[in-house]
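So the chains spell out like this:
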Amino acid sequence: SLNTPKFAHGMGPEILGGVAGLLELAGSELDLRVRLAGDSSGKIVRFSLFRLFMFPLTQWDMAYTGTNTACDATCEPSPGKVCGNLQKCIIGSVVTGAQKNFIETQLPTTMDDIHNLVQHTIRIKSLTLPGGGFFATRIGAQVSTMEDRHQHYVVSKGDYLWK
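Each chain has its residues counted from 1, following the order in which its sequence is written. In keeping with the model being predicted, local features are shown solely for residues with a pLDDT of at least 70 and side-chain atom pairs are shown and tallied solely at 80 or more, while totals for entire chains, interfaces and linings include all residues. The side-chain values count all of the structure's non-hydrogen atoms but skip hydrogen atoms and water molecules.

> Before we go on, may I ask you to explain the packing of aromatic side chains in this structure?
The geometry of an aromatic ring pair is captured by two quantities: the separation of the ring centres and the angle between the planes. Side-chain rings of Phe, Tyr and Trp, where Trp is taken by its six-membered ring, are said to pair if the distance between their centres is within 6.5 Å; with planes under 30 degrees apart they count as stacked, over 60 as edge-to-face, and otherwise as tilted. For the structure on display, the rule yields 4 aromatic pairs. Ring centres 6.1 Å apart and planes at 50° place the aromatic pair W60 and F134 in the tilted group. Here W60, found in the loop between β4 (49–53) and β5 (72–76), pairs with F134, found in the loop between β8 (121–128) and β9 (140–144); they are 74 residues apart in sequence, far enough to count as distant. The same class applies to W60 as to F134, namely buried. Through a chain of ring-to-ring contacts, three or more aromatic side chains come together here, namely F53, F102 and Y153. Only when the NZ of Lys or the CZ of Arg is both within 6 Å of the ring centre and within 35 degrees of the ring normal is a charge said to sit over the ring. In this structure, R138 packs its charged tip against the face of Y160, placed 3.8 Å from the ring centre. Numbering goes from the N terminus for both helices and strands, where a helix is a DSSP run of H or I of at least four residues and a strand is a run of E of at least two. A 1.4 Å probe rolled over the protein chains alone gives each residue an accessible area, and that area as a share of the maximum for its type sets the label: buried under 20%, exposed over 50%, partly exposed in between.

> How do you make sense of the environment of P108 when you look at a structure like this?
Relative to the helices and strands, P108 is located in the loop between β7 (102–106) and β8. In what follows, a contact means two residues having at least one pair of non-hydrogen atoms within 4.5 Å. Ignoring any residue separated from it by four or fewer positions in sequence, one finds P108 in contact with R46, F47, C83, G84, N85, L86 and Q87.

> Is there a simple way to think about the pattern of salt bridges in this case?
Here the idea is simple: oppositely charged side chains can pair when their charged atoms come close. Should a side-chain nitrogen of Lys or Arg be within 4 Å of a carboxyl oxygen of Asp or Glu, the pair is scored as a salt bridge. Enumeration over the complete set of coordinates arrives at 6 salt bridges. Linking E76 and R33 is a salt bridge whose minimum nitrogen-to-oxygen distance equals 3.0 Å. Of this pair, E76 sits in strand β5 while R33 sits in strand β3 (residues 29–35); the two residues are 43 residues apart in sequence, bridging distant segments of the chain. By relative accessible area, E76 is classed as partly exposed at 26%. Measuring nitrogen to oxygen at the nearest pair gives 2.9 Å for the salt bridge that ties R51 to E104. Taken as a pair, R51 in strand β4 and E104 in strand β7 lie far apart in primary sequence, 53 residues in all. Each member of the pair R51 and E104 is classed as buried. Here the salt bridges do not stand alone but share partners, grouping R51, K88, E104 and D148 into one network.

Written as structure tokens, this is what we have:
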């Protein structure tokens, strides 16, 4: 339905910035760019919730860097389009009380709808990386309404993450 945000079939979200299909997570801070493509019948609209589930879940235990109390998330708009400031960027645990292994953002109040022709890129920074390494992997992604209804979950496309 038109009120149900969905990622475009086979198009997104896409991890960007790697070399030869791999994005190496080096240093101590996460710097991740994810291009979002929505479905023409289920556009991703302003205020939608967007989550990234960092695989392997048991390897990640993120924290905010420095004195930050939130992660730093920005929206790079599709050419000629608008994508304002994200409403929030926080971390959470898939299992209550366990390590912090997912990122939740709320899309801007001023934003052109994301669909097959409009693809905004979300950049997330100011989070710690895992202490150990892991093999190249995808990550999980979910988009839902601002009330957290009608979730659509997929696995990322584009570059694999590794450390």
